[in-house]
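Chains, contacts and geometry: an overview
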Amino acid sequence: MNFFRGVMGGQAAGPQPSGAETIQKLCDRVASSTLLEDRRDAVRALKSLSKKYRMEVGTQAMDHLINILQTDRSDSEILGYALDTLYNIICNDEEEEQDESEDAVTPLSASGKHKNVSMPDETAQKQADDLGAQFTDQFIQDPEHVTLLLTLLEEFDFHVRWPGVKLLTALLKNQGVQVQGIILVSPMGVSRLMDLLADSREVIRNDGLLLLQQLTKSNAAIQKIVAFENAFERLLDIITEEGSSDGGIVVEDCLLLLLNLLKNNSSNQNFFKEGSYIQRMKPWFEVGDDNSGWSAQKVTNLHLMLQLVRVMVSPVNSPGATASCQKSMYQCGLLQQLCTILMATGVPADILTETINTVSEVIRGSQVNQDYFASVNAPSNPPRPAIVVLLMSMVNERQPFVLRCAVLYCFQCFLYKNQKGQGEIVATLLPSTIDANSISAGQLLCGGLFSADSLSNWCAAVALAHALQDNLTQKEQLLRVQLATSLGKPPVSLLQQCTNILSQGDKIVRRGSKVQTRVGLLMLLCTWISNCPIAVTHFLHNQENVPFLTAQISENLGEDERLVQGLCALLLGICIYYNDNSLENYTKEKLKQLIEKRIGKENFVEKLGFITKHELYSRAAQKPQPVFPSPEQMLFDHEFTKLVKELEGVITKAVHKSSEEEKKEEEVKKTLEQHDNIVTQYKELIREQDAQIQELKEQVASMTSQNEQMQNTLTQQLSQIQQHKDQYNILKLKLGKENQSQSNSQGDISQVNGLQTEELTQLREEVEELRKQHTLLQTQLGDKDALINTLRSETAEGSAAGSDNTELLKELEALRSQVQSQSAEINQMKTERQELLRRAEAGSSDAFSSNDGSSDAAKIAEVESRLAAQTTETEKLKEEAKSLSESRVELEQQLASATSTVAILQTEKAKLQTEVQESKKEQDDLLMLLADQDQKIHSLKQRLKDLGETVDDEDDLDARDQTDDDYEEDEDED
């Protein structure tokens, strides 16, 4: 134990061993000691020396320390010492190491050496970093060591878990990619690390956040696993527990981890949105009225929260995902909360700038969000729209540069794919809508466009160009804008004033001579007149514009003016490409001749290429947000770079094309347009025919259903006729029996009279029923006659229709026989009815003769009145039946016409198909014959060549034939 006492700082007799010797002895003790207490003391001593003798401890003791982790799993104290020692030799954070190990270094300083540790310089720090990377490579050389470390993190003991978390974090900092790969393939590796967030000890939880930050850097697979391990829920809970934006460094760590999980990871972004976690972000931005005294940590937290919102709606995300997140942010009130911060007072400048950028991307391309933003008013007296207040900051040269860039980005996002907003901005410039008592967006843009500040000129020009982007209507409307330049002078158009600034030589030019101002105005003019022939005509109508552009392009200017030359070439090229030749002096051909004479085509194309070759062009083309290191580098707009990319090639082609080529292209375009028109007409005709065929099919289907209904009705009527026959036979039998009984019992006249009266009433009712049936049968008979006539006419018209006509004739014969049988039955029923009426009248006369007069006469009168009423009803029914039969005849005629039309169309189609097949067959036969003849000719020529005969070619044969013909003509003349 004296040895350990000497190592730990106690006084011992004899000379003191060196550090390397002490470490060697301690390593031997760790390797050879059988007692756990001796190994523990040796590892503790190595830990105390690992700061001062980092190189020696790492080189000699690492294998022994790893062996301790593998063998002494039961003792948490020795495991903690071993993990701390490994952390000290691997970690490169010198400041953190000093803060954490002041107590451990104190015993060594008692000897008088290394009492004050100075901060390493850059060289020493680089050497330390290399040393940490070297020891990390040695540790992860065997992946089982990392797996062992993950297993130790399951230990709940604080002295094991905490140093294990720190050691794994240090490994990830030094060799992140390799360690991430090992953890990714380790079973339940990420899940074990996620358990650290649920630890009740804040130190372990907070260091677990730092570990997960390093683990999720630039690894989409691990990011997805961590997200699906319920990381979003846990992190948001921690942020809420810690006080949201008012929280401390833990909130910042949680936000950094959320940014790692969501940035450039569409899967996690979708999971975050679908899990309704966007709604939980709204309370973060609830800022009170008193915004004084923001702490630095609160500013940092809110800045990260705003960045998190921007990650979800970034323009680099897929359009569908961005639109869905924008919709959720509006529905949950997050956009409204951000606009509240935007209009609040006392908000720090960097938070206000980031809030403007965040609102910009939340409303970019979303019509609903853009409409809401247009309705937001600033809390001023009188209230002003938020857009006007922001534009006032943009054109104010005293505002910070980054804030002005943010306002420009917000205005661009408000107008992106928002034709309604573009129209509202342009309308504030029109004479009919200008309000002298209030400041409008158009007035601010014009003021910035013609101010003395070149940055305001550029920003106003770009903002106005976005109000015209892809909107032909607003480009034409802006031509109406008139500006009053000075008292006593007539107003000039906005287009004229912009060109005057570029071309004239007064004070306005001296202000506009700055490159930034001229570039802004040229970008505005290019955007304005592109794809707008009317604006091109207005521009060319000013006689000074074209000479100014050609003079600018043809001059040899310095590097700073090259960009202006390129933009002038672009503007002149747009005047050529979108020229409608309405001005005789400046047609396409004359402008191209002017370029060829004054500038030269090759020189023009070279100057046009100056735009894309500029170093700031590619930077602006990368993303929509205008981010510039300094105001002087603010030259290009993102949307304008798209326009240049689109027009550069077509302008180059238009300049090099001759008039003949342009005429040919126009003819080809006209031919294509005519072809398209013909195709469109045929398509419309086909659509109409399809619609007609569909209507005919529907009519045929309805006629078929009606025919089926009629067949069913006929079947029902036949069954009813049979029933009436049976009833008639029964009544006939009854009447015969009653007559017989009446002749046998004439003595009992009173009883007979009563029975006769009731039977007479019943008999009359049955007679009326038979009359009705007779009428109905007559109606049906008329319908059948009409059907027979129709079918006869169809048969006469379609006598050439073979089997179909035969079937129709059979059906006609069947219908005829059916009608004849029904007419015979009706005649039979008529005769039987007359006989029944005669018998009934005879019976009634006998009954009336034997009865007293007055009551019988009344009954007879009543019966006759009933008969008269029933007769009238029968007449009404006959008329209704007649009208129904007429409607049925009309329907059958429509069915017949539709059927004939379909048959004609089918026959025409069949004829066309047969003709096409025959023509194809004839073509194939001709091709076969030609091929056979060619083959025979070739074989015969080959045989003649083989036999040594000279075979003439086809050209020689033609020449010889011509010579023979001439010779024969000469002979004929002689």
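Everything quoted here is computed from the prediction, not taken from an experiment. (Residues numbered from 1 in each chain as written. Predicted model: local features only at pLDDT ≥ 70, side-chain atom pairs only at ≥ 80, totals over all residues. Heavy atoms only, no water.)

1. Side note on the overall build of the chain
- Each helix and strand in the chain was counted, giving 44 helices and four strands.
- Across the 974 residues that make up the chain, the buried fraction comes to 41%.
- Total accessible area on the chain is roughly 53200 Å²; 50% of this is exposed by carbon and sulfur atoms. (Helix = DSSP H or I, 4+ residues; strand = E, 2+ residues; numbered from the N terminus. Buried < 20%, exposed > 50% of the residue type's maximum accessible area, 1.4 Å probe, protein only. Areas by Shrake-Rupley, 256 points an atom, 1.4 Å probe, with all protein chains shown as cover.)

2. Considering a negative patch on the surface
- A surface patch of like charges, here negative, comprises E915, E918, E922, D924 and D925.
- When you line up the elements, E922 lands in helix α43 (residues 853–946).
- Taking the relative accessible area as the measure of exposure, E922 reaches 52% and is therefore exposed. (Patch = residues over 30% accessible without salt bridge, like charges linked within 9 Å, V, L, I, M, F, W, Y side chains within 5 Å. Salt bridge = Lys/Arg side-chain N within 4 Å of Asp/Glu carboxyl O. Lys, Arg positive; Asp, Glu negative; His and termini not counted. Charge placed at Lys NZ, Arg CZ, Asp CG, Glu CD.)

3. Examining the pattern of salt bridges
- Summed over the entire model, instances satisfying the criterion amount to 20 salt bridges.
- For R161, the salt bridge goes to D199, with nearest N and O atoms at 2.8 Å. With R161 in helix α10 (residues 158–174) and D199 in the loop between α12 (189–194) and α13 (202–215), this residue pair connects regions lying 38 residues apart in the sequence.
- A relative accessible area of 8% means that R161 is categorised as buried.
- Residue E242 is joined to R205 by a salt bridge in which the shortest nitrogen-to-oxygen separation is 3.0 Å. Of this pair, E242 sits in the loop between α15 (231–241) and α16 (249–262) while R205 sits in helix α13, placing them 37 residues apart in sequence.
- For R205, a relative accessible area of 7% gives the class buried.
- Residues joined by salt bridges that share partners form a network here, namely R40, D41, R44, D75 and E77.

4. Some points on the environment of E561
- Summarising the element assignment, E561 is placed in helix α34 (residues 559–577).
- The spacing of E561 and V515 is 46 residues in sequence and 7.2 Å in space, taken between C-alpha atoms.

5. Describing the packing of aromatic side chains
- Counted under the stated rule, the structure contains eleven aromatic pairs.
- Ring centres of F158 and W162 lie 5.5 Å apart, and the angle between their planes is 25°; this geometry places the pair in the stacked category. On the criterion of helical spacing, the pair formed by F158 and W162 is a turn pair, its members being four residues apart in helix α10.
- For W162, a relative accessible area of 25% corresponds to the partly exposed category.
- Where Y577 meets Y578, the ring centres are 4.9 Å apart and the plane angle is 85°; that geometry is what we call edge-to-face.
- Given the relative accessible area of 34%, Y577 is considered partly exposed. (Phe/Tyr/Trp six-rings, centres within 6.5 Å; stacked < 30°, edge-to-face > 60°.)

6. Focus on a nonpolar patch on the surface
- Taken together, the side chains of I678, Y682, L685 and I686 make up a nonpolar region of the molecular surface, amounting to roughly 390 Å² of accessible area.
- In this structure, L685 sits in helix α40 (residues 659–744).
- Residue L685 is classed as partly exposed on the basis of its relative accessible area of 38%.

7. Quick notes on helix α17 (residues 266–274)
- Every buried residue of α17 is accounted for by N268, Q269, F272 and K273. Projected onto a plane normal to the axis of α17, the buried residues spread over an arc of 135° and lie on a single side. Of the exposed residues in α17, the ones pointing more than 90 degrees away from its buried face are S266 and E274.
- Phi for S276, located one or two positions after α17, is positive at around 60°. (Arc of directions from axis to C-beta.)

8. Regarding the confidence of the model for the chain
- Overall, the predicted model of the chain reaches an average pLDDT of 81, with 76% of residues at or above 70.
- For the stretch residues 95–120, pLDDT sits under 50, and the model shows 21 contacts to residues farther than four places along the chain or on other chains.
- Below a pLDDT of 50 lies the segment residues 798–805, which in the model reaches three contacts outside its immediate sequence neighbourhood of four places, other chains included. (pLDDT = per-residue confidence, 0-100. Contact = heavy atoms within 4.5 Å.)

9. A short note on unusual backbone geometry
- Not every positive phi belongs to a glycine, and D470 is a case in point at roughly 55°.
- Within the secondary structure layout, D470 lies in the loop between α27 (454–466) and α28 (472–478).
- One non-glycine residue, N531, lies in positive phi territory at about 60°.
- Mapping N531 onto the fold places it in the loop between α31 (515–529) and α32 (533–541).

10. As for the side chain of S440
- Relative to the helices and strands, S440 is located in the loop between α25 (419–427) and α26 (441–449).
- Each residue touching S440, except ones within four places of it in the same chain, is listed here: V388 and T428.

11. Topic: the packing of helix α4 (residues 54–71) against helix α9 (residues 143–152)
- Where α4 meets α9, the axes come as close as 11 Å, and the angle between the chain directions of the two elements is 50°. Relative to α9, α4 is oriented oblique. Here the hand of the crossing between α4 and α9 comes out left-handed. Across the interface between the two elements, I66, L69 and Q70 of α4 pack against H145, L148 and L152 of α9. (Axes fitted to C-alpha atoms, helices over the stretch in contact; angles between N-to-C directions. Parallel < 35°, antiparallel > 145°, perpendicular 65-115°, else oblique. Left-handed = near helix turned anticlockwise from the far one by under 90°.)

12. Some details on the packing of α9 against α10
- Two numbers describe how α9 lies on α10: the axes approach to 9 Å, and their chain directions differ by 145°. Crossing angle aside, the handedness with which α9 passes α10 is left-handed. Contact with α9, carried on its side by V146, L149, L150 and L152, involves V160, G164, L167, L168 and L171 of α10 and no other residues of that element.

13. A closer look at the side chain of Q223
- Checked against the element boundaries, Q223 lands in helix α14 (residues 220–228).
- A polar atom in the side chain of Q223 sits 2.9 Å from the side chain of N265.
- Beyond its immediate sequence surroundings of up to four residues, Q223 is in contact with T216, S218, N260, L261, N265 and N268. (Polar contact = N/O pair within 3.5 Å; in protein donor to acceptor, adjacent residues only side chain to side chain.)

14. Some thoughts on the state of the cysteines
- The final tally for this structure, using the stated rule, is zero disulfides.
- For C446, which is in no disulfide, the shortest distance to another cysteine sulfur is to C498 and amounts to 8.2 Å.
- In this structure C446 comes out as buried when scored by relative accessible area, which is 11%. (Disulfide = S-S within 2.5 Å.)

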